[in-house]
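# Fold and contact review
Here is what each chain is made of, one letter per residue.
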Amino acid sequence: MSQINHYIDNQRAYVAKKKAQPLIGFTNAQGEAASWEDIVVTFTDSDNRSQNIMFCNLNRKRPKVGTRFTDEDRLPPEMHDLLFAYALDILKENTSIAYKTSKITATRLFLCHLNENIATATLERIQSAINLMTYSTNVTFFINWLHQHKMLAKSCQPDINTTVESARAKSGDDALQAEQNKLPSENALLALGAIFYDVIPAYQDGDKENVEAWQPLTSSTQEQRDSFSCTMAALGMASPNRIGAEQVLLTVQRIKPHTQVVDGKKKTVHYLNWRGSKGYKDNANHINAEMVDSLDRALHYTILATEPARALARFYQKPNRPLKEVLGEFKPSDENIALLKPSMSKSTNLLHLGLLLGFFDGSDKCVRVTPDTKGATDKTGVRNPHNPKFIKPIAQLEAFDTLVFKSKCPYSQALTGCLFSRQNQYDKYTAGKQELTVAEFQNHTIEMNQPHLKGYNKHKTKHVDFENALFAYTQKQFGGKVAHPFLLVPISSLSGLFSGDLIKRNNNWLTLFERHGFSSNFLLKPHQLRHWQNDFLAKKGLPHHLISMLSGRKSAEQTLTYIHTTDAQNASVIGNISYSNKSESEVENKLKLRIATMNQFNEAIDNETPTFVHETGFCGQNLALSPCTYMSEFETQCALCSSSCHVTHDSEAIELLQKDLKVQTHNLEKVQASINFETSQGMQKWYKTHYRNTCMLKHLIEVLSDEAIEEGRMVRLLVRSNSIRITNLKTQTVEKQKLALPDTEQALQAAIEAKNNNKRGEATDNFLDFLGSL
């Protein structure tokens, strides 16, 4: 017992030491200085980044800062103090705010489940509390912290799962499916490409300086949500990076070329200046050559569309700057210049700046003012004389003219994007007043935008000054319920907005795909683009350590998470090389080039040849390490397996496959002739599946027999993606052909029709004769 008391004594001494220190940077839910007794506190660091910390129990399902907690919602005092002390140490770590929050939250939930002092709890009781948690990994840090400060016996080592299930723990089709699910669908990428072309049109006549056709599209009054999402997606496909953490922090720039002489020839690569991550410094990030033109066009478009928001940020940073400095690269229209006749060497006010930036284009360019305003025009309606309405041109406004904000007034909406149907909207946008002078409105708007000028990413790990940010938008440009032309969209919100454009979150918001007429089934997860990029580079033959450098990772081991090839797929890549007529030493050299950094895998497959030669080709899967789990109804068992490799113009194999095709066609006809074919759902389901597979077999035979394809090419049939890959073993290049398969549902209906009518019509011939037309 004395030993247990010793640990509790250490806990109390450590807490007392922490309590003796002032709580600098902590506030409670009321915005006052926090104390150790508060159930919720907010910590704000020196860079103005804040995070909320809860000390409540499990009474509330979704606790947040605004929740009205009672004493019944508190953690027991001893647990509360221990968690607070732990939180103070975690807050000192040099990690992201999100990571700190996850550690503290996991510990709170663990203590809630434990519901007693951990120093008095048995190991079985501690393990039971951990087992009740859905995500317990971060409890490890709390246990280690207790050990470090001698607040828990070293012998207390609960079993905490710190590993995440991955495809490497799976086998066969499960592994393939798990890995491929991390990649975007080809249909979604094709749809994205079509949308990109519509949203950011190509240059006229290929002239990159001619952007006249873009001017209506890049106007400050136009919504830019689509162009933002298209540019973000293009960046994600052009370079392996962390979309939410890094892309949103890009500064204004176009793609830059770098040329040097390699082996006597000039070689050019392209790059962007990038914020580093995961321990890397800022770097010149490589851009895929295939994406250079499209991405550079997207960047050019985005720079033009976002210049108004950067001008606002320069003004909010220093309102007394000369107008020329505030406008930067933005060129006001001749019409607005003529209205205002500004002096470029003097400062301006917010509404005059908005006029020059085009915020009021398409309107009468007036605002609503009080009746006593000098130069105001009476526009009071005859039907409503008790509601006076006076307006004044924005170009003629003075600093102390008084603006009027009325509910559902179009002039109020033009200034704030809000209809003012509730008092809290007045509180937010006009400091709670219905009348403000131009100077007061300007000062309140500057104050609202101050937190956004230092643009942090979502996890608040890095930032970019808003006046230099590439993705700088006003709320009006992003649309939504409140389209405020003078409010900046926080950089920290951009990754969430991008994600919401690609994945259907709720029925109140249309995705990018839906806005352009595609089904709600089309979706992309932003991180899939990073997986696609790494997968794309690997399949182009880039060594893994080079992909690691391009992606900004410290180790190649991290890269293996992003390359979506199972052992069977990797083995088939080896098969592509091994089947050539080269000498064994040459084959070994090529193996090392293709799989340069996977040392353990290299050891497993050095000097390996295909493990099994079957009747129509050979298997690229290492059957000694990965037993075959593929089953088929075909006579040639391996034909449709993705690990099965075939050789063009292999006459014996083609002859055998043709015989198998006749057998499978006969099987289809046999099932169709069954007495219960029209009523049996199981038979019809089998018919559709078998019809599709038989059609794929026919396509394989056609490719193997095609005179236009050189003899000796290696062919693989990929059933899941409806495609065939043809490998040139000499050049190590792969051609992918998408299969145009007949509609199986229509084929089924044609078969039912033929059975019912006891004859073959045109529709029937189109489908049933397809298989026989070799």
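Read on for an overview of the structure. (Residues numbered from 1 in each chain as written. Predicted model: local features only at pLDDT ≥ 70, side-chain atom pairs only at ≥ 80, totals over all residues. Heavy atoms only, no water.)

## So, the nonpolar core
Of all hydrophobic cores here, the largest spans 92 residues; its most connected members are Leu 403 and Phe 486. The dominant element in this core, judged by the number of residues it contributes, is helix H10 (residues 292-317), at 13 residues. Contact partners of Leu 403, with chain neighbours within four places excluded, come to Leu 351, Val 367, Arg 368, Val 369, Leu 397, Leu 415, Gln 434, Glu 435, Leu 436, Thr 437, Val 438 and Phe 441. Within the second largest apolar cluster, 42 residues are counted, among which are Tyr 14, Phe 43, Leu 91 and Leu 111. (Core = buried A, V, L, I, M, F, W, Y, C linked by side-chain atoms within 4.5 Å. Buried < 20%, exposed > 50% of the residue type's maximum accessible area, 1.4 Å probe, protein only. Helix = DSSP H or I, 4+ residues; strand = E, 2+ residues; numbered from the N terminus. Contact = heavy atoms within 4.5 Å.)

## Examining the packing of aromatic side chains
Tallying each qualifying case throughout the model produces 25 aromatic pairs. An angle of 85° between the planes, with centres 5.4 Å apart, marks the rings of Phe 228 and Phe 471 as edge-to-face. Here Phe 228 is found in helix H9 (residues 225-238), whereas its partner Phe 471 is found in the loop between strand S13 (463-465) and helix H17 (475-478), with 243 residues between them in sequence. Take Phe 228 and Phe 471: they sit in the same class, and that class is buried. Taken together, the aromatic side chains of Phe 359, Phe 360, Phe 405, Phe 420, Tyr 426, Phe 441 and Phe 486 make up a single cluster linked through ring pairs. The ring of Phe 141 is capped by Lys 103, whose NZ or CZ atom sits 4.2 Å from the centre of that ring. The aromatic ring of Phe 478 is capped on one face by Arg 225, whose charged end is 5.6 Å from the ring centroid. (Phe/Tyr/Trp six-rings, centres within 6.5 Å; stacked < 30°, edge-to-face > 60°. Lys NZ or Arg CZ within 6 Å of the ring centre and 35° of its normal.)

## Some remarks on the packing of helix H3 (residues 97-114) against helix H5 (residues 139-148)
The interhelical angle for the contact between H3 and H5, taken along N-to-C directions, is 80°, at an axis separation of 8 Å. Comparing their axes, H5 and H3 come out roughly perpendicular. Contacts from Tyr 99, Lys 103, Ala 106, Thr 107, Phe 110 and Leu 111 in H3 reach Val 139, Phe 141 and Phe 142 in H5. Within the contact of H3 with H5, the residues separate by chemical class into seven nonpolar, one polar and one charged. (Axes fitted to C-alpha atoms, helices over the stretch in contact; angles between N-to-C directions. Parallel < 35°, antiparallel > 145°, perpendicular 65-115°, else oblique. Nonpolar A, V, L, I, M, F, W, Y, C, P; charged D, E, K, R; others polar.)

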